[in-house]
Structure formats: structure tokens, C-alpha cells
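# A structural walkthrough
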Amino acid sequence: MARSQPRILILGGGYAGLHLARLCATHFSRIASITLIDASDHWCERIRFHQLAAGQELPRYAYAQILSSLNVEFVQAQVESIQPKERSVTARSSNGNLQAIDYDYLVLALGSRIVAPPGLQSMLTLNDAAQAEIIHDRLKAISKPKVLLVGAGLSGLECAFELAETYPEARITLADSGRLRPMNQPGGFSREAIQYLQAAAERLGIDWRSDSRAIASGNEVVTFADGTTEAFDLCVLTAGFRPSPLISAAGLEVDERGCALVETDLSCKGYPEVLAIGDCAAISTASSGPLRMSCAAALPAAMGAVNTLVARLNGELAPEFAFHYVFRNVSIGRHDGLIQFVSSHDIPMSEIWTGRKAAEWKDFICKCTVAELGLGEEPLMPHEPPQNIFPGLLAMQKLYETPRRSGEMRTEHGFTTG
Ligand SMILES: Cc1cc2nc3c(=O)[nH]c(=O)nc-3n(C[C@H](O)[C@H](O)[C@H](O)COP(=O)(O)OP(=O)(O)OC[C@H]3O[C@@H](n4cnc5c(N)ncnc54)[C@H](O)[C@@H]3O)c2cc1C
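So, how was this worked out
Residues numbered from 1 in each chain as written. Predicted model: local features only at pLDDT ≥ 70, side-chain atom pairs only at ≥ 80, totals over all residues. Heavy atoms only, no water. Helix = DSSP H or I, 4+ residues; strand = E, 2+ residues; numbered from the N terminus. Rg over C-alpha atoms; globule rule 2.2 N^0.38 Å. Buried < 20%, exposed > 50% of the residue type's maximum accessible area, 1.4 Å probe, protein only. Contact = heavy atoms within 4.5 Å. Areas by Shrake-Rupley, 256 points an atom, 1.4 Å probe, with all protein chains shown as cover. Lys, Arg positive; Asp, Glu negative; His and termini not counted. Charge placed at Lys NZ, Arg CZ, Asp CG, Glu CD. Near = heavy atom within 4 Å. Polar contact = N/O pair within 3.5 Å; in protein donor to acceptor, adjacent residues only side chain to side chain. Nonpolar A, V, L, I, M, F, W, Y, C, P; charged D, E, K, R; others polar. Domains from an automatic or database assignment. Pairing = 2+ DSSP bridges. Axes fitted to C-alpha atoms, helices over the stretch in contact; angles between N-to-C directions. Left-handed = near helix turned anticlockwise from the far one by under 90°.

### A few points about the overall build of the chain
Within the chain one finds 10 helices and 27 strands. Expected size for 418 residues packed as a compact globule is a radius of gyration near 22 Å; at 22 Å, the chain falls within 12% of this value. Projected onto its principal axes, the C-alpha coordinates of the chain cover approximately 70 × 55 × 35 Å. By the burial criterion, 54% of the 418 residues in the chain qualify as buried. A separation of at least 24 residues holds for 65% of the contacts in the chain among residues at least 6 apart in sequence. For the chain, the exposed area adds up to about 18300 Å²; of that, 50% sits on carbon and sulfur atoms. Separation of charge centres in the chain, based on 37 positive and 46 negative side chains, amounts to 1 Å.

### Looking at the site of the ligand
Surrounding the ligand, one finds 30 residues, the nearest of these being Ala16, Asp38, Val79, Asp279 and Lys362. Between the ligand and Gln78, the relevant distance is 3.2 Å, taken from a nitrogen atom to a side-chain nitrogen or oxygen of the residue. The separation between an oxygen atom of the ligand and a polar main-chain atom of Ser294 is 3.1 Å. Contact with the protein chains hides 85% of the accessible area of the ligand, taken as 1000 Å² for the molecule alone. Within the residue set of the shell around the ligand, elements represented by two or more residues are helix 1 (15–28), strand 5 (73–83), helix 5 (154–166) and helix 8 (295–314). Taken together, the residues of the shell around the ligand sort by class into 15 nonpolar, 10 polar and five charged. When we break the shell around the ligand down by domain, the ones giving at least three residues each are domain 1 (7–112 + 242–324) and domain 2 (124–237).

### Description of the sheet that holds strand 25 (residues 327–332)
Pairing is antiparallel in the open sheet, where three strands are placed in the order 25-26-27. The open sheet is flanked by strand 25 and strand 27 (348–354), the only strands paired with a single partner. Strand-to-strand, the axes of this sheet are offset by a mean angle of 15 degrees, without reference to chain direction. Here strand 25 runs beside strand 26 (residues 336–342); their pairing, made up of six bridges, is antiparallel. Bridge pairing in strand 26 links Asn329 to Ile339. Contacts from helix 9 (residues 355–372) reach strand 25, strand 26 and strand 27 within the one sheet, and its direction differs from that of strand 26 by about 75 degrees.

### Some remarks on the packing of helix 1 against helix 8
The contact between helix 1 and helix 8 brings their axes to 8 Å, and the two run at 35 degrees. Note on packing geometry: the crossing formed by helix 1 with helix 8 is right-handed. Contact residues: Tyr15, Ala16, His19, Leu20, Leu23, Cys24, His27 and Phe28 in helix 1; Cys295, Ala298, Leu299, Ala302, Met303, Ala305, Val306, Leu309, Val310 and Leu313 in helix 8. Looking at the contact of helix 1 with helix 8 residue by residue, the class counts come to 16 nonpolar, two polar and no charged.

Here's what the structure looks like:
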């Protein structure tokens, strides 16, 4: 006799979790019950939060509406703990009620947040849309504001460029504990790319302070490790992304950042029924090396997770998740940008795109992610990508061809096919 449907529970409705919910709906809607929990009632484009801080409007999409059309149950609640041994999750809904939700398969897609180190806790961040809007409100309220951004990673750079373009009267300082150098290593930029970013910062009047580690902030002054200080009207911490602390608290194996360590099929060590994807997972593939926290990795990882779930439901061996880096995007306001083409291991190639062409490509990529989540039209590709990245693009495309449809599912494990 057939058992009841397997319960797939997804924690977190960001790029990874929401994409996975859609994929699960396509593959299992008639053979499994699918539930997504998120603390928020809506999804908003996180990769454009610097634009929100600059006063641009971003649409919000209600989870209840998106998910009901997919036949996925939505629970708006704050997950408080995960009990992998009991196959249960505890979550608190907005009315204060605590509920236990049991699962057969759990997918952790709880993302990351900037966590301020001691001494810097008073700084604003781009952690959510509400904080981005506070940044905008403060900027509007002060004439010639002195803005200090701490952390010149990709989001710090994009934020500095966006604010400098929107508020030319603001004095913007971008401080970083390191120094951007040409680096023939994963995550690095080519010499030409760095020169372009530095020239853009100079043109926009950004004071880029390298080798300046902020150690304390208070009374509108930041103190750096070398003893120097910088006064500000508005200070935003743009570095220090950390995964959800719930993962290590659950007793799952984690890396030094607290990201869930996963097998090649994205399942957590020792728990084949628990998968982890997106920023909260420490994923490394043979074809790419370790994945950076990024939307670019979160969406394909959702695809990898659905492949594993298909295999689990069929009682088969799950395929190895494969990933290839292709390029990295940096927006420089709305009309300029930098695309650094990279090897499959994220090592910079000599080829870069700059100017309007890069801005259009970055906008195209953002629109592609929204389309991927079923929330927008598939955009037209504005420019033909360079020939030498085609192998990487084709390899990524293959990932999307592998899973089978629910009609092909076997039933010997007792799950009904509907
Ligand atoms: C300004 C900015 C620009 C960026 N630009 C780029 C870019 O150009 N390209 C790129 O690849 N990446 C970019 N990123 C990084 C990218 O946004 C993240 O890597 C991506 O959002 C990760 O997706 P995710 O689904 O893992 O997590 P998230 O998008 O963080 O989603 C996690 C979800 O989990 C929910 N959640 C968390 N904890 C709980 C809980 N306890 N209970 C219930 N729900 C919970 C959250 O509400 C959220 O909806 C940018 C980030 C920022 C901040």
C-alpha cells in the first residue's frame, strides 16, 4: 500500500529557496507535499539593495501569491531551531505561536547576513530592504552628507558607486582592510579591471581608503586599526557576510564561517535527507572549486538540489553537483559597469567589458534571475558573450537538462505518483 506523500520542507525563500520551490513544484507537485518557510511575507531582489539605498524603487512579490500558484504551501515564520535527528523544525509565526514542522526531506536555504564584529555594531547594513530604505531616508535628510562605507567587496563597491552617482554632492569614503590588487586567483580581478574600477571611483569622487581596518565606531566617528579616525554622517558596513547561525546550532557539520559542509550531492554530512544550498552552504565542486556566496551560485545549486531530490525519491544514487564560473559583474551606477570574464574556477581572464555594454549586461543578468524565479519576462540578451566563455556557459546549461519529470518517477519506495 502506498505511504502518504513525502514532505519536502524548504527553509528560506531567497534566490536558492524560491528557485528550488519552483523546481520542486515542476517535478514533484503531484507526488510530494512541498512547504517553504520564510520570515518575510515577500521576496525582493537582494542583488539590487544598493539601488534601493539610492532611492530607486524595487517591486516586492508576495510569497503567498507566488507559491499558491505553484501548489507550494507557504508558512511565514521565523525558524528558531532545526532538529535533524528528529527530522523536525521549530518556527515562530508573527502572532507568536511556536510550531513544530516535520519533514522527510529538508533543504536549508537560509542565506547570509552581514554580522558586525564587536565595536562596529552600530553601523547600518544592506541586510534587508528596510535598512536600505533607512540609508536612503538619511541621505535625503542631510545636505552634503559624509558617507563612510566599510568593506570594498563586490557589494561594497556597487553600493559606493550607486550612492556616488545618485548623490554627487555626498562625500563618499570606501574603506577596506585590504587592497585590491591584480590577482590570478579565484575571486581576483585582472589589472585592467582594477584600473577601471579605480578610475571609476576617482571620476565619481569616491575616496578609496585601502589597508584601513575599522575597529570601532561611535559618536559618528570610525577608528581604524592604525589609530586614524574618520567622521561620518552615515556609516554602512558592507562586508562580513555570515550564514544563519541555526545551522551550526543544529549540530550539523560546518566550516569556519558556519556554512553547512555538504557532500557532492549537496546533502549535509551524515544526513542524506538534509540538503544545503545558497549562501548558507559550503559547496565545492571539482569543476569550479569552492563557491562564493553569490546569487550566481545559489540558483544553480537549487538545480543541483532538485536533481538530488529526484534521485532520492527514485531510490537512486544522486548525481554529483557541477558548477562553472563564467563571469563576475560589478555595476557602476546605472550607466557603467565592469564584467570580469573568468575561468571555470573563477580565475580572471584578460577579457573584460566596461561602460554601457557592461551596465546593460549586468542589468540583463539581474533580469534573468527574476525570470528564473518566474517573476518576470525572459529578457533579450543585449550582447553576444565572448567565444572563450562558451564552454562554461554550455556546461552550466547541461545542469538544467538533467532532471526527469515526475511522470518518470518510480514508485517502489511507496510514494504515490498522483
Ligand atoms: C547589495 C548586494 C548586491 C549583490 N549583488 C550580487 C550580484 O551582483 N551577483 C551575485 O551573484 N550575488 C550578489 N549578491 C549576493 C546575493 O544577494 C546572495 O549571495 C544571495 O542572495 C544568496 O541567496 P540565498 O538564497 O542563499 O540567500 P538569501 O537571498 O539571503 O535568502 C535567504 C532567505 O532566508 C530567509 N531566512 C533567513 N533566516 C531565516 C529564519 N531564521 N527563518 C525564516 N526565514 C529565514 C530570509 O528571509 C531570506 O528570504 C549581492 C548581495 C548584496 C547585499
